[in-house]
Amino acid sequence: MRLTVAQALVRFLAAQYTERDGRRHRLIAATWGIFGHGNVAGIGQALLESGPQAMPFLQGRNEQAMVHAAVGYARQSGRLSTHAVTTSIGPGATNLVTGAALATINRIPVLLLPGDTFATRPADPVLQQLEVPYAGDVSVNDALRPVSRHFDRVTRPEALVPAALQAVRVLTDPVQTGAVTLALPQDVQAEAYDWPEEFFAERVWGVRRPRPDRTELAAAADAVRGSARPLIVAGGGIRHSAAQASLAALAEATGIPVAVTQAGKGVLPHGHPADVGGIGHTGTATAAALAREADLVLAAGTRLSDFTTASATLFQGPGVRFVGLNLDPYDAHKLAARPLVADAREALDGLREALAGHRVDTAYETAYRQEAARWEARVDAAYAVTAADEELPPTQAQVLGLLDALVDGSDVLVNAAGSLPGDLHKLWRARSADQYHLEYGYSCMGYEIPAAIGVALAAPDRPVWALVGDGTYLMNPTEIVTAVQEGVPIRLVVLDNHGYASIGGLSGAVGGEGFGTAYRFRAPDGAYTGDPLPVDLAANAASLGMAVIRARTVRDLREALAEARSATRPTCVYVQTRTPDTVSGPPPAQAWWDVPVAETATRKAAAEAREEYDRQAAQRRRHL
């Protein structure tokens, strides 16, 4: 079959499927693209020729945002279906790097198809080509190598066959998956070749569920039986494996409490007797206290990042040991854990069977449930709205409380950066397994709006909310235009607090005094302490095509959120938040996070912050 390389690639991708638990999914459900000279006559022409039935096309506004949208779609689809992203050479390609890093860090599959400079070098350099004197085969696409799980450059037509097959192998591998890059020189894209028809045959890639090794499973069960204060730390691997029911069954059978990472929140529904909330720096006091006293931690489907471990200060039990349940041996061995390398669902079911008849002490179970109930009272206090509050701007916690009162299990909340992730991890009551969509592996400002589009494309009948601060909004609002163009009714909630509030707070805590974090005019002394900038984000969202509802008070906001939830077009709710006081604000951090503080300083704030830093750092442990 004689086709160009680009035509062959599109035809090949349209015939790839995944299958898990007897259910089949199209692997590449659509292709995002922005066209330039590096892909318009190659991939662009191939998409046009194939037609929307073979390969749907989505027009983006920013290359990084297109990757975020693909990631949102893939996560909502359980990593069984994703999107491809095509760009031109030059800045279009380098704009992919942040999105690729986000996908790879979060273990989410996405296929990147950047154009590349001429393989045949008829003119050297071409427009946008990076000239590297010491290496003639380097282009800007090589910047994608360290942030891709697999990278290949297709410099001849026949090389596409093994390159495409390897790309799909990695995309569908539950351990290796992440960003996969196929760099496509623009001349090769348009070159014709006689392809074997077998290359375009429908292929179904099974997504494995490896069972645990018997010896590892027995050792893990023995460790649990020998512990008095076990704790399960559940991460995003539980979600990716669809192991929520297996986790709940194990917790119910044994009484072991379950704390969740940002990626794992929601794997137990709010109100489950074993749920003790978020773990780590942004977690609950209940989970932090259990972690400090645990003698065994079952780390299930988590990378054990510094936020989860409170920078290695959280697990303080004198004899604490770990069991690492993970598909990836790299993660399973962290903290010198006993490894349990397996699919999460298979391993949790195996543990439940191996632990038949075993249950934690009743006093332990009663105590952690009572502490969880006390934390819920603190959540209620943060969410509370008094009669006087009704006519005031809401605090950020009150915004979340009003949403909490409005949504049900069908809603999905998307967030990634700023102060919202901390408040959400502590306070949000997840009503379904996929309601809580936090990207915190990369915590990338600008993820929320495009990711919400991806989520809505994967779940078109569900209300999808993108929660952003003003700093995040200014990073990447352009995909609002895409939502309007495609008629994707995302709900955007913009909380305007005139600056980088999260980093401002962190700056204050580490002796930086909020330097460079406020969105204000310069004062005579040169600092950003003047009046707030006259920026109207609501007007900006409206100018991009969104319906906009301004809310000035708690009463306004309650009505605005209800109106947005029932909207059938992309809708923005804009509110300026009130700085919380010590009563109505969210609880402070319940565990430490290591952000090094200046060892020598003349300013008092930094000197005091260093004293606190040294005190906390002294608690760090090496688990060997």
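A. Molecular detail of empty space enclosed by the protein. One pass over the full model with this rule turns up 2 cavities of 30 Å³ or more. For the lining of the largest cavity, the class distribution of residues is 3 nonpolar, 7 polar and 1 charged. Estimated volume of the second largest cavity: approximately 40 Å³. Leu9, Val10, Leu13, Thr31, Ile43, Leu47, Met55 and Leu113 are the residues that line the second largest cavity. Looking at the lining of the second largest cavity, the elements that each hand over two or more residues are helix H1 (5-13) and helix H2 (40-50). Looking at the lining of the second largest cavity, the element that brings in the most residues is H1, giving 3 residues.

B. Local environment of the side chain of glutamine 590. With respect to the helices, strands and loops of the structure, glutamine 590 is situated in the loop between strand E23 (571-576) and helix H24 (604-617). Among the polar contacts listed, one links the side chain of glutamine 590 to the backbone oxygen of proline 588, at a separation of 2.6 Å. Not counting residues within four places of it along the chain, the set of residues in contact with glutamine 590 comprises His281, Gly283, Thr284, Ala285, Ala288, Arg292, Trp375 and Arg378.

C. Broad picture of the side chain of threonine 313. Of note, threonine 313 is situated in the loop between helix H12 (306-309) and strand E16 (321-326). The contact partners of threonine 313, leaving out residues within four places of it in the chain, are Trp592, Gln616, Gln619 and Arg620.

D. Main features of helix H17 (residues 420-427). The buried fraction of H17 is high, at 8 of 8 residues. Within H17, the full set of buried residues consists of Leu420, Pro421, Gly422, Asp423, Leu424, His425, Lys426 and Leu427.

E. Up close: the nonpolar core. Counting residues in hydrophobic clusters, the biggest one holds 52 residues, and the most contacted among them are Ile238, Leu247, Val258 and Leu351. Setting aside its immediate chain neighbours within four residues, leucine 247 contacts Ile232, Ala234, Ile238, Val258, Val267, Leu268 and Leu348. Of all hydrophobic cores here, the second largest spans 50 residues; its members include Val71, Cys444, Val464 and Ile490.

F. Just a nonpolar patch on the surface, in detail. Nonpolar side chains collect at one region of the surface, where Leu474, Phe521, Leu533 and Val535 lie side by side and expose about 330 Å² of accessible area between them. If you trace the backbone, phenylalanine 521 turns up in the loop between helix H21 (501-509) and helix H22 (537-543). Take phenylalanine 521: its relative accessible area is 42%, and that puts it in the partly exposed class.

G. Summary view of the environment of proline 524. For proline 524, the position within the fold is in the loop between H21 and H22. Owing to a relative accessible area of 91%, proline 524 belongs among the exposed residues under this scheme. Proline 524 sits 109 residues away from asparagine 415 along the chain, and the two C-alpha atoms are 37 Å apart.

H. How the structure looks around the sheet that holds strand E6 (residues 82-87). The strand order E5-E4-E6-E7-E9-E8 describes an open sheet built from 6 strands, whose pairing is parallel. The sheet is open, and its two borders are formed by strand E5 (57-59) and strand E8 (150-153), each paired with just one other strand. Here the strands of the sheet are splayed against their neighbours by 20° on average, with no regard to which way each runs. As paired strands, strand E7 (residues 110-116) and strand E9 (residues 179-185) are joined by 5 bridges and run parallel to one another. Paired with glycine 115 across the two strands is leucine 184, which belongs to E9. Sheet strands in contact with helix H5 (residues 96-105) are E6, E7 and E9, and its direction is about 155° off that of E7.

Cut-offs and rules
Residues numbered from 1 in each chain as written. Predicted model: local features only at pLDDT ≥ 70, side-chain atom pairs only at ≥ 80, totals over all residues. Heavy atoms only, no water. 1 Å grid on protein atoms, 1.4 Å probe; cavity = no way out; pocket = protein on both sides within 12 Å on 5 of 7 lines; lining within 4 Å. Points joined across faces, edges and corners; volume = space filled by probe spheres on them. Nonpolar A, V, L, I, M, F, W, Y, C, P; charged D, E, K, R; others polar. Helix = DSSP H or I, 4+ residues; strand = E, 2+ residues; numbered from the N terminus. Polar contact = N/O pair within 3.5 Å; in protein donor to acceptor, adjacent residues only side chain to side chain. Contact = heavy atoms within 4.5 Å. Buried < 20%, exposed > 50% of the residue type's maximum accessible area, 1.4 Å probe, protein only. Core = buried A, V, L, I, M, F, W, Y, C linked by side-chain atoms within 4.5 Å. Patch = residues over 30% accessible without salt bridge, like charges linked within 9 Å, V, L, I, M, F, W, Y side chains within 5 Å. Areas by Shrake-Rupley, 256 points an atom, 1.4 Å probe, with all protein chains shown as cover. Salt bridge = Lys/Arg side-chain N within 4 Å of Asp/Glu carboxyl O. Pairing = 2+ DSSP bridges. Axes fitted to C-alpha atoms, helices over the stretch in contact; angles between N-to-C directions.

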